[in-house]
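# Tertiary structure, described
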Amino acid sequence: MEMEIPYTVSARPDTGLYNAKIGIWLFLASEVMLFGGLFSGYVFLRMGAQPGYWPHGMLNVPIGTLNTCILISSSVTAVLAWASLKMRQFTQYQMWMAATIVLGVLFLIIKLCYEWPEDFKRCGVYIKQEALAKYEPYLGNQYLYSKGLPPRVEITGELENEDALTNPNTREYDLHVDATYADPTNPANDRPSFFQRPVSDKVVKINKADVDFASKFYPSHNTFFGCYFLIASLHALHVFGGLIVFSYFLITGSKLYRKNPEHLCNRVEVAGLFWHFVDLVWIFVFPLFYLL
Amino acid sequence: METSTAIHSHDPHDPHGHGDHAEHHDLGFWRTYVFSVDHKVIGIQYAITGLLFLFLGFCLMMMMRWQLAYDGKPLPFFGPLLARFVKNGGMDAGGVPGVMTPDFYNSLGAMHGTIMVFLGIVPIAFGAFGNYLVPLQIGAPDMAFPRLNMASYHAYWVGGVLMLSSFFCPTGPPKSGWTSYSPLADLMDKQAGLIFNGQTIWILAMVILISSSLLGSVNIITTVIQLRAPGLTWMRMPFFTWTQLITAFLLLLAFPPLEAGSFMQLMDRVFGTSFFLPHGEVFNNQLVNVSGGGSPLLWQHLFWFLAHPEVYVLILPALGIVAEVITNNTRRPMWGYKAGIYAVMGIGFLSFVVWAHHMYLTGMGRVVSTFFQTTTILISVPSVIILTCLLLSLWGGSIRFTVPMLFATAFLPEFGIGGLTGIPLAFTSTDLFLHDTYYVIAHFHYIVAPGTIFAIFAGIYYWYPKASGRMMNQFWGKVHFWLSLICINMIFMPMFLQGMAGMHRRGFDGGKTYTLSAPALHWNVTIAHAAWGLGLVQFIFIFNFFWSMKFGRKVGANPWNATTLEWSAPSPPPHGNFVGPIAAYRGPYEYSVPGHPVDFVPQADPQGPRTDAGALGH
Amino acid sequence: MFSINHFLGMPMNASQHGYTVDEMLEFCHWFMLALFVGWGIFFVYTLTRFRAGRSPKADYYGVRTKASTHIEFMVIVIDALILIGFAIPIWAKRVTHFPLGDALVVKVVGQQFFWNFHYAGPDGVFGRQDSSLMSSSNQLGIDLTDPHSKDDFVSMNEMHVPVNRDVILEITSKDVIHSVSIPSMRLGQDAIPGAEIPVWFKPVKIGTYEIVCAQLCGSGHYSMRGTVVVDSQSDYESWVKDEEQNASIGATLMPATPASAAPAPAPASPAPAAPVPAGGQK
Ligand code: HEA
Ligand code: HEA
Ligand code: CUA
Ligand SMILES: [Cu+2]
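Attention here is on the structure that accompanies the text. (Residues numbered from 1 in each chain as written. Chains lettered and ligands numbered in written order. Predicted model: local features only at pLDDT ≥ 70, side-chain atom pairs only at ≥ 80, totals over all residues. Heavy atoms only, no water.)

### Let's talk about the interface of chain B and chain C
In plain terms, the rule: For this analysis, residues touch if any pair of their heavy atoms sits within 4.5 Å. Summed over both partners, the accessible area lost on bringing two parts together, with a 1.4 Å probe, is the buried area. Here a salt bridge means any side-chain nitrogen of Lys or Arg lying within 4 Å of a carboxyl oxygen belonging to Asp or Glu. A 3.5 Å cut-off defines polar contacts: any pair of N or O atoms within that distance qualifies, except that in protein one atom must be a possible hydrogen donor and the other a possible acceptor, and neighbouring residues in sequence count only when both atoms are side-chain atoms. Only DSSP runs of H or I with at least four residues qualify as helices, and only runs of E with at least two residues qualify as strands; both kinds are numbered from the N terminus onward.
Facing 99 residues of chain B, the contacting portion of chain C comprises 93 residues. Regarding the contact of chain B and chain C, the summed buried area is about 8,300 Å², with carbon and sulfur atoms giving 68% of it. At the junction of chain B and chain C, the tally comes to zero salt bridges. One can count 27 residue pairs in polar contact (both at pLDDT 80 or more) joining chain B with chain C. The element that contributes the greatest number of residues to the side of chain B that touches chain C is helix α11 (residues 366-393) of chain B, accounting for 13 residues.

Written out as structure tokens, the structure reads:
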């Protein structure tokens, strides 16, 4: 097995690149198409949604902002890890690499252990077209109409009688509505606010006969959540994959470093490129789902 | 550029020179034959697996053709046998063992399409030929990422086996065509459980197969960019390698959107989302309990965004094989080599902007339809250019009709028929009549069956001696060719007539329901017999294939007097491929160079005229 | 005159616009035939002329004329001609020049595995539909409380249209994608749930023609056959009258006693199809 593949470590003179670097760029091109396909799906569904059926302000913006900052910092530390290797400062490299991993893990913890469980607690109830008038006091559609804003067709909040979702004998949903529906004609509620306000203490009873569809904020709740959870979990999987690779380099790196530091350096560079890409995807996810 | 030693000398300082040290004995059976990282072994693994799938796909179709010809009659012998093994009762309609149910027909159709495209042709044309030949043709010791290469093959067969496992689901294999249109594919067969049902397995298997193709294409592209031997400039690269390179780009960029679509369909099926389900969706006369708000057309866009480039994935490697075989057997350079390459690039680019020509009847406005009609017509131009190049390459040749050449020459008019019948499909107004009739089936089968499959046969007969060191039997090769040619045309030619009569595809009873198809109904019997004939004829090939491994005539490194680099390696090439350093000194097809005593000059021969006929032509 | 289309067995056209489709297809086929025969002759000649036996030494340079460039150029020109001369105008007419005025409008609703043809009845207005009202006796979920729905009628698998009058079909589907293909009318349009897509034609020959479901829609796809009966004006009117009496929504959803012309049917609450709250508004 002493056959060697050329240009695994050093660059080929006429292309100026080593193999893995081309490989990763190609792989990222395909990743662009993958996320491109998902985002086009998002655009397609959003453009096709009937007025009022594409929700806004459903996600926790401060948490999203925090996570954005964490991920961007981790990209910076990843670059620093690579730069330290280039300068052959191995302990520095270990430090930055560890920092990158910590930040990445933090991102996942915030997302999976806090943000999503909070989402799953909330619930939304779509009102039938012909029953909208009945719930006008909570929807404020007259008011929205007069201002030229799209109507509200859904009431959100936290469900008091959880069994209503599964038990066909329960006739109505008792919903602790979100602040917006407690005071629907307040201009402050025209747009989603940066900080998520706690649910109001108002409980609205919604008759099941008036309801199109009700569920917690699971992927199936609407196409918005479908897109969000699909793209965000795929993104989280990428973060997870990156963390595994980084951890591998951190743990076993010293062996390769002693043998061929440039090789390790290349590997970290390639994994870093992947990491930046994952970061970039998040830079799209955040505004598209949290802000717009 | 400068490596001046003769081919067989050994330069210890050159990395390529390590090839001949590589010995197999230290690797053991598993690492040599199963988990090998040698591109040639992987190529052969791909070839054998792919051929088995191809044959399986054909067997499913032979059963379907029985049903179309003899609706309601039990399939002799195999039918009752299958009735016992197929768990979902697909082969005992009305309690008669061996009679096919409509559901099972639909399953077979979906599996035929899927197997042929994703498990048969692509793995053979790209996985097998690409893997085996690209490193050899560019003078590389192996692929750039050998381990990735192995992973890609193993993902492939795992995906394939998973796909086949759907035959053992309680509700049988997927039933909504290879196109898996939602909402049918979203909602069907859910009673069988969330995961172990045909359609969900189809999605999971597709995701694995897509990943396998992605690994393969990253590998091929990197290999071609990085590992070309000294002197092998872009315009000295064999046409075959060019087609593989462009094919790899198509796979790399077109597959991921389908992966995205597959994830969405998976979510729809497993988590109850409604990416592809509109408001008020009804199934089995019941409102479906989903939020709605999705779009059935979104799936079609994502699917065809892949599937149109995919069909060029099926044809480009075939064109590459045919170009190699034709130049070799006409004994002259490829006419219009450069124009051909630009045309391949043009096809590659345009294939990303024509996908909606499969969706003309989904309610397309004037502007969109004009766009897609125009791009579809544009893409036929580079195809015509390539075909013209190949056709004109024959002129002035000294044509030897070897078995590979027979298949390659037959390819030209057969591809012509398939390609030309694409033209009326390309226009909305004529597609209005032809859409989803057997005319479409005939159109694309002329391209993939007597087209791509023939090219694959040509390639197998042509490179068999390289891979095995032995020649396949030429006489039986010729018998195989002529009988296959007759049968395959008898299968697909009548389908044009059926389509024109208004017979639609995917009809379980072969169009008996409709009086429209009555005048063309009798062809179903002819087609069935021709298909079984074709099936029988393949045993000549299979026998020849295995018999020649042991008893075929032994040959040297270059039995066809060919020029490209792979023929400068021993047959079969050792681990690491070339004995001594390798370099290219001229264009790929320097046959019959004026003033040269023999009618070919290998690319790797440092002596002889340094010509680049590729620069000629137009 | 010899026509390739008919040689290939294309059924006769029975609609006003159909001949444009036929002409274009005919033209395409001649074009294809010319190319194929031209190339074929060259091909066969070359294979015999340059076989190794007759041509022992190959010519390094091969074809040196520019003829092929001219041929390729001609192909492009003819392609462009078909595109601009036929394809784009014909399609523009299909999708933007809908007949105005007294066109007959029929809603076509595909469903596993038959066709519903929903007529608006004498008042010319379709009754409101709501998928949550669908039931086995009210396949389309027509709202009986809507006064417009009383005279609506739904014909199963058989559509009647009067000859020489423009017809607009509003095509949709309840469940999965189907496709309305009427080969004799040179008409085709997918039936997509959640979308209602109009197409138009004008039948010019009295007769019975088949409607093919052209999109795989499940186990009964192969037999999802409908017919369109092109009647003379008077036949059409009597058919409508018949349907009006026997099949109008008011008549079919009335409780029993078929003979007596019942008074305005009380909107007996139609049993909701699905017990679970479900998404659906149109
Ligand atoms: C390898 C596969 C392949 C290739 C290369 C092509 C090539 C082309 N295809 Fe085809 N196509 C398919 C595979 C392929 N197709 C498949 C699988 C489907 C159906 C999918 C499904 O629904 O399941 C399909 C369906 C399909 C449709 C949709 C039909 C419908 O569903 O209603 C359309 C419409 O525009 C189309 C058009 C074309 C065109 C214009 C080309 C052009 O690129 C063709 C250009 C080529 C030429 C113009 C030939 C030129 C050469 C000569 C003339 C030489 C002659 C030589 C001699 C005589 C020696 N194809
Ligand atoms: C690459 C793609 C490909 C290929 C090669 C084929 C090959 C063939 N196809 Fe298929 N076909 C499709 C792709 C393909 N098909 C698709 C996508 C559909 C649409 C499915 C759908 O509706 O969703 C379809 C549908 C389809 C139909 C329409 C069914 C229907 O609408 O109801 C028919 C009908 O006859 C048909 C027939 C055939 C036949 C007779 C062959 C023959 O040409 C097969 C010839 C095969 C061989 C000659 C085998 C060679 C192999 C060997 C000899 C093995 C050697 C082995 C070893 C050495 C180990 N095909
Ligand atoms: Cu309905 Cu096919
Ligand atoms: Cu296509």
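Structure's up, so let's keep going.
### Points about the interface of chain A and chain B
So the rule is basically this: Ten residue types, Ala, Val, Leu, Ile, Met, Phe, Trp, Tyr, Cys and Pro, are classed as nonpolar, four, Asp, Glu, Lys and Arg, as charged, and the remainder, Gly among them, as polar.
Counting residues at the interface gives 39 residues for chain A and 50 residues for chain B. For the pairing of chain A and chain B, the buried interface totals around 3,600 Å² over both sides, and the portion due to carbon and sulfur atoms is 75%. Counting across the interface, chain A meets chain B through zero salt bridges. For the side of chain A that touches chain B, the class distribution of residues is 23 nonpolar, twelve polar and four charged.

### What about the site of ligand 2?
Residues and elements named next belong to chain B. Note the cut-off: Only a single heavy atom is needed: when it lies within 4 Å of a molecule or strand, its residue is near that molecule or strand.
If you check the shell around ligand 2, you find 33 residues, and the closest are Arg65, Tyr105, His112, His445 and Arg506. Measuring from an oxygen atom of ligand 2, one finds a side-chain N or O atom of Arg65 at 2.6 Å. In this structure, His445 approaches ligand 2 through a side-chain N or O atom, which is 2.7 Å from a nitrogen atom. When contributions to the shell around ligand 2 are tallied by element, the ones reaching two or more residues are α2 (39-69), α4 (102-137), α15 (438-468), α16 (474-501) and α17 (523-551).

### As for the sheet that holds strand β3 (residues 172-177) of chain A
All names here are of chain A. Our working rule: Pairing between two strands requires that DSSP report at least two bridges joining them. Helix axes are fitted only over the stretch in contact, all axes being lines through C-alpha atoms; the angle between N-to-C directions runs from 0 to 180 degrees.
Sheet architecture is open: five strands sit in the order β4-β3-β2-β1-β5, paired in antiparallel fashion. Of all strands in the sheet, those with a lone pairing partner are β4 (203-207) and β5 (211-216), marking the two edges. Pairs of neighbouring strands in the sheet enclose a mean axial angle of 40 degrees, with direction left out of account. Pairing of strand β2 (residues 154-159) with β3, which is carried by three bridges, proceeds in the antiparallel orientation. Across the sheet, residue Leu159 finds its bridge partner in β3, namely Leu175.

### Description of unusual backbone geometry
Test applied: Burial classification: accessible surface area is computed with a 1.4 Å probe over protein chains only, and a residue below 20% of its type maximum counts as buried, one above 50% as exposed, and the rest as partly exposed.
In the segment running from Ser182 of chain B into Pro183 of chain B, the intervening peptide bond is cis, with an omega of 5 degrees. Note the cis peptide between Ser571 of chain B and Pro572 of chain B, where omega equals -10 degrees. With respect to the secondary-structure elements, Pro572 of chain B resides in the segment after α17. Phi at Arg88 of chain A is positive, roughly 60 degrees, even though this residue is not glycine. As for its position among the elements, Arg88 of chain A is in the loop between α2 (61-86) and α3 (90-121). For Arg88 of chain A, a relative accessible area of 35% corresponds to the partly exposed category.

### Here we look at the site of ligand 1
Close contacts around ligand 1 come from 35 residues, with Tyr312, Asp431, His435, His443 and Arg505 of chain B the closest. Positioned at a junction of chains, ligand 1 has nearby residues supplied by chains B and C. Within the residue set of the shell around ligand 1, elements represented by two or more residues are α9 (296-330), α11, α12 (403-420), α13 (422-426) and α15 of chain B together with α2 (18-49) of chain C. Counting residues per element, the shell around ligand 1 draws most heavily on α11 of chain B, at seven residues. When the residues that make up the shell around ligand 1 are grouped by side-chain class, the tally is 22 nonpolar, eleven polar and two charged.

### Description of the packing of α4 of chain B against α9 of chain B
Residue and element names in this part refer to chain B. Threshold: Orientation labels follow simple angle bins: below 35 degrees gives roughly parallel, above 145 gives roughly antiparallel, 65 to 115 gives roughly perpendicular, and whatever is left gives oblique. By definition, any crossing whose near helix is turned counterclockwise from its far helix by less than a right angle is left-handed, and any crossing with a clockwise turn is right-handed.
Taken N-terminus to C-terminus, the directions of α4 and α9 make an angle of 45 degrees; their axes are 10 Å apart at the nearest point. As far as their axial angle goes, α9 and α4 are oblique. The two elements α4 and α9 meet at a crossing, and its hand is left-handed. Two secondary-structure elements touch here, α4 through Val117, Phe118, Ile121, Val122, Ala125, Phe129 and Gln137 and α9 through Leu306, Glu310, Val313, Leu314, Pro317, Ile321 and Glu324.

### Brief notes about a nonpolar patch on the surface
All names here are of chain C. Counted only if it meets this: Surface patches are defined over residues having more than 30% relative accessible area and no salt bridge, joining like charges when they lie within 9 Å and nonpolar side chains (Val, Leu, Ile, Met, Phe, Trp, Tyr) when within 5 Å. Each accessible area value is a Shrake-Rupley result obtained with a 1.4 Å probe; residue values ignore everything except the protein chains displayed when judging cover.
Among the surface-exposed residues, Met1, Phe2, Phe7, Trp30, Leu33, Val37 and Ile41 lie close enough to one another that they form a single nonpolar patch of about 830 Å² accessible area. With four residues, the single largest contributor to the nonpolar patch is α2. Among the structural elements, Val37 can be located in helix α2. Judged by relative accessible area, which is 41%, Val37 ranks as partly exposed.

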